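# Remarks on the overall topology
The primary structure of each chain is shown beneath.
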Amino acid sequence: MVGVHGLSTAPRAGFDVERVRMDFPILEQVHEGRRLVYVDNAATSQKPHAVIDAVTRYYENENANIHRGVYRLSAQATLAYEHVRAAVQQFLGATDPHEIVFLRGTTEAVNLVAQSFVRPRVGRGDDVLISHMEHHSNIVPWQLVAEQTGATLRVIPITDAGELDMDAFRSLMTHRTKFVSVVHISNSLGTINPIEDIVALAHERGVPVMLDGAQAAPHMPVDVTAIGCDFYAISGHKMFGPTGIGALYGRANHLADMPPYHGGGEMIRTVSFAKTTYAPAPAKFEAGTPNIAGTVGLGAAVEYLKGLDWAAIRQHEDDLRDYATRSLLKVPGLRIIGTAPHKAAVVSFVMEGVHAHDVGTILDEREVAIRSGHHCTQPVMDRLGVPATARASFALYNTRDDVDRLVEAIREVREVFGT
Amino acid sequence: MSDNLRELYQQIILDHNRSPRNFGKLEAANRHAQGSNPLCGDMLAVHLRVDDDRIAEIRFEGSGCAISQASASLMTSAVKGKTTAEANALFRAFQAMVTSRPSTPIDRDTLGKLAALGGVRQFPARVKCANLSWHTLHAALESQEGKKITTEREQE
Ligand SMILES: Cc1ncc(COP(=O)(O)O)c(C=O)c1O
């Protein structure tokens, strides 16, 4: 647990992938004689001992409800929970821990902002702007708001390479635009979007911006103050933390203006049948007993990430991306989907004459875990004219050997399909 | 290649995937249904002409993985000329096969070439691919034209 049981956090100089791999017990798994190659990190990441142990330790030694008991354990659990809030605040570069709301993940964060911030502020004649490369979780909540309010959802187009069309974005920004929500790094294409430019353009017109950071947090340091965004969402499970926990950064003034989202315990100041008054943010948005163990695990993940050399990891992941791209392109009939110059270590591809689903099954027989399908980004698939893609998404613990195993398995796909 | 893969991707399946039989539109159709498994990106339309309770003509259109395409192709070949009751019996036998345990004997007498799809039993995630065309056929026979058929639950 952060600050309570935290190990030394001196950043490790350089990057030793073999040493990092030892932190992740699942990577030792061997199935029918084959070492697991896990390259589905955009779906969810694996967990280091530090996270697994923190959750276990919490349940074994520290479990109590928070913000309630006067006894020692409850006070400690409360302290630990709030400690993680401060750790996430620092991790995201926010200025105040009260700007961090604990939620189930990115999906819930987008829904909260859509319902509590945007819904009361828009109506007929207003636009909410998203992009063509959004995850369904950054599309559907806005469709709901549009239905509820009569506002119009407008979509920033993408290029064939899978980049945002920034000229189109500029022309879509009008006096009608009331909110912009875009993905920082695309989960299906890997594109890293020019978020600073997006925020600057929107703020010129006084339009608040939300960023979906689900895919960014595990791959690069994020500084919401430097980015200047109004809201930023992350999912714990994508950044080596537990499932069922994530966080929303929201500017203090926005959070203060927003009505509660769920009602219940924890989020009130006083309750009577005549009038209930709400606690200030973030408690206002955390009704009910929260995911305390998950939060403790998220704290351990953040602590783990803090101890790493990010420049070196960036180099490592870029190398994996380039090596995978080069190696895959040598496979006859294989085409890479998403070729933005500014790209994370996500390689989506299609194979002529072979559906992505068949690729996934054959790779699984070789103990290579990739994702095949639309990756919760159906509009991207439609736009780029593919029914589905196979996707390898790398994390800091992947190696060139993983890439070799991937490519070898893909050659077997060719063999099976005899093309 | 593993035995399981060899069993799944038998020549007959690869062949029906590459050159699907009874593929295309059917002008004279009097029954239709559509099926899709959006998570995989499988899409299918089945068109039938049923005369006097007999499937006189059947065609399918769509795109998807090898298993869904081969299954649709094999299905159309198997039910063409059959009565709707016979087609429904095949549907049930097919269901029984793909949802049975891998060690269960396959009723090859009833299923004929359809038995080639027994390999999906080793791949639980792929059963829905083999099933899609059959559920779509079933809906067409029941004249549930407007119903969107899927063999996949929303999941992520
Ligand atoms: C870009 C992106 N946004 C949002 C989400 C949704 O995250 P979660 O399912 O953790 O709420 C995901 C992951 O599925 C994602 O990749």
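Before reading further, recall that the structure is shown in the block above.
This text gives an overview of the structure that appears in the document. (Residues numbered from 1 in each chain as written. Chains lettered and ligands numbered in written order. Predicted model: local features only at pLDDT ≥ 70, side-chain atom pairs only at ≥ 80, totals over all residues. Heavy atoms only, no water.)

This part takes up the interface of chain B and chain A. Facing the 24 residues of chain B at the interface are 18 residues of chain A. For the pair chain B and chain A, the summed buried area comes to about 1,700 Å², and 55% of that belongs to carbon and sulfur atoms. Taken together, chain B and chain A are joined by one salt bridge. Residue Asp-358 of chain A is joined to Arg-126 of chain B by a salt bridge in which the shortest nitrogen-to-oxygen separation is 2.8 Å. Taken together, the residues of the side of chain B that touches chain A break down into 14 nonpolar, five polar and five charged. (Contact = heavy atoms within 4.5 Å. Buried area = accessible area lost by both parts, 1.4 Å probe. Salt bridge = Lys/Arg side-chain N within 4 Å of Asp/Glu carboxyl O. Nonpolar A, V, L, I, M, F, W, Y, C, P; charged D, E, K, R; others polar.)

Our focus in this paragraph is the site of the ligand. Around the ligand there are 13 residues in total, and Thr-107, Asp-212, Gln-215, Ser-235 and Lys-238 of chain A lie nearest to it. The environment around the ligand is built from residues contributed by chains A and B. One of the side-chain N or O atoms of His-135 of chain A is found 3.0 Å from an oxygen atom in the ligand. About the coverage of the ligand: the protein hides 90% of its 400 Å² of free accessible area. Along the lines of polarity and charge, the residues of the shell around the ligand split into two nonpolar, eight polar and three charged. (Near = heavy atom within 4 Å. Polar contact = N/O pair within 3.5 Å; in protein donor to acceptor, adjacent residues only side chain to side chain. Areas by Shrake-Rupley, 256 points an atom, 1.4 Å probe, with all protein chains shown as cover.)

Glancing now at the side chain of His-316 of chain A. Residues and elements named next belong to chain A. Take His-316: it is sitting in helix 11 (residues 310-329). According to the relative accessible area criterion, His-316 is buried, its value standing at 14%. Beyond its immediate stretch of four places on either side in the chain, His-316 contacts Phe-15, Val-17, Leu-396 and Asn-398. (Helix = DSSP H or I, 4+ residues; strand = E, 2+ residues; numbered from the N terminus. Buried < 20%, exposed > 50% of the residue type's maximum accessible area, 1.4 Å probe, protein only.)

With that settled, the discussion passes to the environment of Asn-22 of chain B. Residue and element names in this part refer to chain B. Summarising the element assignment, Asn-22 is placed in the loop between helix 2 (11-18) and strand 1 (31-37). Those residues in contact with Asn-22 that sit more than four places away from it in its chain are Ile-58, Arg-59, Phe-60, Thr-76, Ser-77 and Lys-80. Separated by 2.9 Å, the side chains of Asn-22 and Lys-80 make a polar contact.

This next bit is on the pattern of salt bridges. With the rule as written, the count across this model stands at 24 salt bridges over all chains. Notably, a salt bridge pairs Arg-314 of chain A with Asp-318 of chain A, separated by 3.7 Å at the nearest N-O pair. Of the two residues, Arg-314 of chain A and Asp-318 of chain A both sit in helix 11, four residues apart, roughly one turn of that helix. Relative accessible area serves as the criterion here: at 22%, Asp-318 of chain A is assigned to the partly exposed category. In this structure, Asp-51 of chain B engages Arg-49 of chain B in a salt bridge whose closest nitrogen and oxygen atoms are separated by 2.9 Å.

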